[in-house]
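If you want the building blocks of each chain, they are given just below.
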Amino acid sequence: MKLGLGFAMQNVTDDNLRAAAQLGVTHAFVNNADVGNSHFEFDQLLRLRHRCEYMGLQLAGLENFPRSWWEDVLTAGPRRDEQIDNVCHSIENMGRAGIGILGYYFSIVGVWGHWRAYTAGGGRGDAGLKSFDYSKVEHAPTHPAGPVSVDEMWERLHYFLERVIPVAESADVRLAAHQDDPPAQYLRGVGRLLTSHDAMQKMLDLVPSHHSGLEFCQGTVAEMGPDQAVAAIRRFAGQGKIVYVHFRNVRGAFPVFDEVFHDEGDVDMLEAMIAYKQAGFDGVITPDHSPRVTGDSAGGMRGRAFAVGYIRGLLQAAERFG
């Protein structure tokens, strides 16, 4: 297994990349990479990959498109086919540039309704947490793109996958779907998809392919219940369907939970790491979210440094004792 770190595009700086390499990180993901106008441009992808490599990191993949690039894909708008063509063009350019993973989040309403953000404290030593309480958003206004049923969202996802997976296979780029965070069946009148183990399996079975898998967000799966994470690791890693991992911990579960430091949540993180190894997973593990510590930057590098060190220790323990 490999240690990675994700960067928002604006945080892809020489200092941040160099610091990650110094902490033992070997692989990077870049989020919302606006390396183009309506799709990922080959020359800009190549420059981004080379920049990471110059700082000692392998660019493992990209996460998510700028929302405007595929809004009609999610909402079944009039430009859906045009935007899917652009997604396919992006995937082809990623393959040509040697970037092998595209993480995506097929949801109209994303991570919405967090009522305590990183700036509000609440964690150990008053570290900044993100928290969620469904009762505070249950009766929120319907999203402008809604109402949309869960069944309709499944149809839209199927339409998308049927068109992009053959392109991903040809380009040798693995598509990795993120679970819905929080795992509410509906938010703001909009149906959501990957809210349970069986829903994840349904997605994988829609258009079966080695190039369709999971961006396995362990924290989101743990929000389904603290006993859910390790069982899901064994189920999906055992199928070879976990493409890469967002490794984080939560306290509580939907409908009320906190995203906490890796060592204080409800999931036994050593057990989880050993489960990845025993199930044959050999991909990249990243810390994803991390509480903010005093004096942290916008990119959260101090808090994430703790996470990286903790994960690195777990990786070594799993290799020795797992």
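See the structure shown above.
Residues numbered from 1 in each chain as written. Predicted model: local features only at pLDDT ≥ 70, side-chain atom pairs only at ≥ 80, totals over all residues. Heavy atoms only, no water.

Enquirer: Would you mind showing me how to read unusual backbone geometry here?
Expert: The general pattern is negative phi for most residues beyond glycine and trans for most peptide bonds. In this structure, the amide linkage connecting Asp 181 to the following residue, Pro 182, adopts the cis form with an omega of 0°. Within the secondary structure, Pro 182 sits in the loop between strand S7 (174–178) and strand S8 (186–187). Pro 255 follows Phe 254 through a cis peptide bond whose omega is 25°. The phi dihedral of Asp 172 falls on the positive side, at around 55°, and the residue is not glycine. For Arg 188, which is not glycine, the phi dihedral falls at a positive 55°. (Helix = DSSP H or I, 4+ residues; strand = E, 2+ residues; numbered from the N terminus.)

Enquirer: Just checking my understanding: could you explain the pattern of salt bridges for this structure?
Expert: Inspection of the entire model under this criterion finds 18 salt bridges. Note that Lys 2 is salt-bridged to Asp 282, the shortest N-O span being 3.6 Å. Placement of the pair is Lys 2 in strand S1 (residues 2–8) and Asp 282 in the loop between helix H9 (269–278) and strand S14 (284–286), with a sequence separation of 280 residues. Across the pair Glu 71 and Arg 67 runs a salt bridge, and its minimum N-O distance is 2.6 Å. Using a relative accessible area of 25% as the deciding quantity, one classes Glu 71 as partly exposed. (Salt bridge = Lys/Arg side-chain N within 4 Å of Asp/Glu carboxyl O. Buried < 20%, exposed > 50% of the residue type's maximum accessible area, 1.4 Å probe, protein only.)

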